[in-house]
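Listed here are the chains, written in short residue letters.
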Amino acid sequence: MTRLLFTALLLLTSGLVTKAAADTEYLIVSGGPAARGFEDLRRPGEQHDRWWGNFIRTARVRMQEIHKTVPANTRITWLVYRDAYVRRAAAEHQPLTQNVESVTKAYPYINLVWFRSTDELINYINNGQSGRGGLKISGFEYFGHSNKYSFMFDYSSDVYATSTAWLHENDLHKISRWAFSGKAYCQSWGCHTAESFSKAWKRATGTKMVGAQGKTDYSDMHLRDWHVGLSSGARWVR
């Protein structure tokens, strides 16, 4: 009897340890597309947001990949900058926010969270839905416009060739390094991140961020199974 009780307790304890190790959150962030009218002002060959879903489809495919590889109890949360899709929807007369929300119906393991400001995004990183005490971030990836110093959530969405909603490297001190697990994987799929932002991210959060030196390429992604490419001369820096 004592031996059976010991075995039962051992199995229970092992299960709890496994569950605790898997209880993390993986964050995917999608910025928004440029306004179609602003893109029409660019010369052919320089237009990069002809399709509204560049940062949506690539993120969805990546979340499908992550779901297959992370521990079963990992929460996958998708943070999407809402205002850019509202503006683009009005111009294209399409229900783009509903299109985004339909992803979670097809893939119910994805938890969608809309955000409308940098402060809202930082607050979610730091606190999640109910505090970061027991649910650390095991991964963070960004799909969207960026330059060497910042993520630009609404580049050319509200003002032509300008961003009014961004996460600048000077704001990274607002992010709690305690929000991340010790082996968190971080990557930016935007342009130029490795040229400065990645270093600032490491100083602020204690985690490395894979980024591009040079420009990333969101064109013809259907030919690459919806994976982000690199422009000529660019490379990933790990």
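Structure: above.
From a predicted model like this one, the values you see are computed outputs, not experimental measurements.

Undergrad: A description of the overall build of the chain should follow, citing residues and the corresponding values.
TA: In terms of helices and strands, the chain carries seven helices and 12 strands. For the chain, the proportion of its 238 residues judged to be buried stands at 47%. Pairs at least 24 apart in sequence give 69% of the contacts found in the chain among residues at least 6 apart.

Undergrad: Give me the sheet that holds strand 6 (residues 150–152): which residues, what numbers.
TA: One open sheet holds the three strands; their spatial order is 5-6-7, and the pairing between them is antiparallel. Since the sheet does not close on itself, it has two edges, and those belong to strand 5 (145–146) and strand 7 (166–168), each with one partner. In the sheet, strand 6 pairs with strand 7 via three bridges, with the strands oriented antiparallel. Of the residues in strand 7, the one forming a bridge with S150 is H168.

Undergrad: Just give me the short version of the side chain of S138, but keep the residues and values in it.
TA: For S138, the position within the fold is in strand 4 (residues 136–143). The class for S138 is buried, based on a relative accessible area of 17%. Polar side-chain contacts of S138 include one of 2.9 Å to the side chain of T24.

Undergrad: Tell me about the pairing of strand 2 (residues 75–81), residues and numbers included.
TA: Counting buried positions along strand 2 yields six of seven residues, so the element is predominantly enclosed. In this structure, strand 1 (residues 24–30) lies alongside strand 2, joined through six bridges in parallel fashion. Bridging from a neighbouring strand, V29 pairs with L79 of strand 2. Bridge count for strand 2 against strand 3 (residues 110–115) is six bridges, and the pairing is parallel.

What counts and how
Throughout, a residue's number is its position along its own chain's written sequence, starting from 1. Whole-chain, interface and lining totals are the exception, using all residues; otherwise, since this is a predicted model, local features are given only for residues with pLDDT of at least 70 and side-chain atom pairs are given and counted only at 80 or more. Hydrogens and water are ignored here; the side-chain numbers use all heavy atoms of the structure. In this description a helix means any DSSP run of H or I spanning at least four residues, a strand means any run of E spanning at least two, and both kinds are numbered starting from the N terminus. Three labels apply to residues, based on accessible area from a 1.4 Å probe with only protein chains included: buried if under 20% of the type maximum, exposed if over 50%, partly exposed otherwise in between. Contacts are residue-level and defined by heavy atoms, with any inter-residue pair within 4.5 Å sufficient. The pairing criterion is simple: DSSP has to find at least two bridges between the two strands. Polar contacts here mean pairs of N or O atoms no more than 3.5 Å apart (in protein, one a potential hydrogen donor and the other a potential acceptor; neighbouring residues in sequence count only if both atoms are side-chain atoms).

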